[in-house]
Amino acid sequence: MKNRAIKLLYLMELFSGLARGSYLGCIGWTALVLSNSVATVGQIFILQSLTMMIAGPVIGVFIDRHKRKNLIILAQFIIAFAMSGVGILLFNIENLSVYWLFCAVLIIAATRIIYRGAFSGILRGAIENTYVLRSVAQANTIHLMSTAVGMAGAGLIIDRYSTGHGFIASAVASVAVLLIAMFLDGGVVKSNVRGLAGYWQDFKLGLGIFKHSKPIQLIALLSATALPIGQLSNALLPSFIRDDLGKNSDVFGTVDAGWAIGGMAAAAVLSVFSKRISSQFAEYLLAVLAGLATIAFSFGTELIGLTVMHGLMGFFVWSCRILITGRIIELSSTENVGRVTINNEVLFGVSATLMCLSPSLISLEVTSSYFLYWGLFIIASAVLLGFWKQSLSGKT
């Protein structure tokens, strides 16, 4: 492994997690306060998924054709600009239109795709195949630890100061990622055919890899089944805490942080025991356990129980996510990892959109019911996909 590059990437994940955690806390709570509607919060995260679905494949090609260091710097600059802009608007406009949040989410969602794809590309070039899962797990341990701090911190900042201060704090963390990225190597992996013809050629190649690889297809379907429950939680947790339980933003921040703490624990466990994870069905079992934790969470009423169950949701979903990410990177080359990663995320975005649309399409008496029904769906889907994988394995 290239130790210097790995250390810089890990440090970037520290501040990226702070930025991401505070962003999620600020966006969800502020959207609910400004609109007083859980459907609007869901729509905010639907826009994020739609951006991935529509722009993802094009951005994946873009990532594989340009210096990944420069892409990271550009993406973090734009994210910091958008977050600080919303913060300044909140300071100066008493009844800010939720429209501005939609604009910020659109910008941040697109640029975060660029950041994650470019990050994966540099990581892929810095490690050997035998260290992929361990490195992914270690990076996620750092990212999720700081995400937990960012989420809890955002809740406290909003409660003690204002939502505007929370947005500014998130922007500062993105600036730190930008500064660290300046010390990375460029990440150029190959020469590209110039012009639209070259983009179209690389675009078709990326789709072809996805189309003809059964292992990548199965992983993508499982990703679309289990992982979007995190997006659903982003969209519905503010209403669950405020409307169902009558709690305030400090409770919301604590429960929300439970997810990241659970994810951090999952990443830490996998970083130590990655070589012992040999079962090809491990991610399917983890998806089932994530569904069970989601169902249990829907019945929670007290802070400790809610935080623990949300933490278990994060643990099982992130364990599944890390395994999926590691397998995708192993199945990809340095030249096409951006496209393969992003195309997998596109399918994830389709499922996340359906989950986040559920409050707008189907009205239930309490928000907790959405967690209950989607948990059941995850279990059923993961079991069916596991049987499908078993049938494919029997043919080989």
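Residues numbered from 1 in each chain as written. Predicted model: local features only at pLDDT ≥ 70, side-chain atom pairs only at ≥ 80, totals over all residues. Heavy atoms only, no water.

A separate point is helix α11 (residues 282–298). Helix length check: α11, at 17 residues, gives a terminal C-alpha distance of 25 Å against a target of 24 Å (1.5 Å per residue), a fit within 8%. Buried residues dominate α11, accounting for 13 of its 17 residues. (Helix = DSSP H or I, 4+ residues; strand = E, 2+ residues; numbered from the N terminus. Expected span 1.5 Å × (residues − 1). Buried < 20%, exposed > 50% of the residue type's maximum accessible area, 1.4 Å probe, protein only.)

Here the focus is the nonpolar core. Formed by 117 residues in total, the largest nonpolar core has its most connected members in Met12 and Ile229. Tallying contributions element by element places helix α1 (residues 3–35) first for this core, with 13 residues. Filtering out sequence-adjacent residues up to four positions away, Met12 remains in contact with Ile72, Tyr115, Phe119, Val177, Ile180, Ala181 and Leu184. (Core = buried A, V, L, I, M, F, W, Y, C linked by side-chain atoms within 4.5 Å. Contact = heavy atoms within 4.5 Å.)

Moving on, we get to a nonpolar patch on the surface. A cluster of nonpolar side chains, namely Val175, Leu179, Met182 and Phe183, defines an oily patch on the protein surface of about 380 Å² accessible area. Its location among the elements puts Leu179 in helix α6 (residues 163–181). (Patch = residues over 30% accessible without salt bridge, like charges linked within 9 Å, V, L, I, M, F, W, Y side chains within 5 Å. Areas by Shrake-Rupley, 256 points an atom, 1.4 Å probe, with all protein chains shown as cover. Salt bridge = Lys/Arg side-chain N within 4 Å of Asp/Glu carboxyl O.)

Turning our attention to α1. Since there are 3.6 residues in each turn of an α-helix, residues three or four apart along the chain are aligned in direction. With 33 residues, α1 ought to run about 48 Å at 1.5 Å a step, and its terminal C-alpha atoms sit 47 Å apart, in line with that. Phi for Asn36, located one or two positions after α1, is positive at around 55°.

Here the focus is the environment of Ala226. Mapped onto the elements of the fold, Ala226 is located in helix α8 (residues 214–226). C-alpha separation for the pair Ala226 and Phe377, spaced 151 residues apart in sequence, amounts to 9.1 Å. In contact with Ala226, other than residues within four places in its own chain, are Ala287, Val317 and Ile378.

So, on to the packing of α1 against α6. Running from N to C, α1 and α6 point in directions that differ by 160°, and their axes come no closer than 8 Å. Compared by their axis directions, α1 and α6 come out roughly antiparallel. Where α1 crosses over α6, the two elements pack in a sense that is left-handed. In this structure, α1 contributes Leu8, Leu11, Met12, Phe15, Ser16, Leu18, Ala19, Ser22, Tyr23, Cys26, Ile27 and Thr30 to the contact, and α6 contributes Thr163, Gly166, Phe167, Ser170, Ala173, Ser174, Ala176, Val177, Ile180 and Ala181. For the contact of α1 with α6, a count of residues per class yields 15 nonpolar, 7 polar and no charged. (Axes fitted to C-alpha atoms, helices over the stretch in contact; angles between N-to-C directions. Parallel < 35°, antiparallel > 145°, perpendicular 65-115°, else oblique. Left-handed = near helix turned anticlockwise from the far one by under 90°. Nonpolar A, V, L, I, M, F, W, Y, C, P; charged D, E, K, R; others polar.)

On to the packing of α8 against α11. Where α8 contacts α11, the two axes come as close as 10 Å, and the packing angle between them is 10°. As judged from the angle between their axes, α8 and α11 are roughly parallel. Where α8 crosses over α11, the handedness of that crossing is left-handed. Packed against α8, whose contacting residues are Leu218, Leu222 and Ala226, the element α11 presents Glu283, Tyr284 and Ala287 at the interface. Per-class residue counts for the contact of α8 with α11 are 5 nonpolar, no polar and 1 charged.

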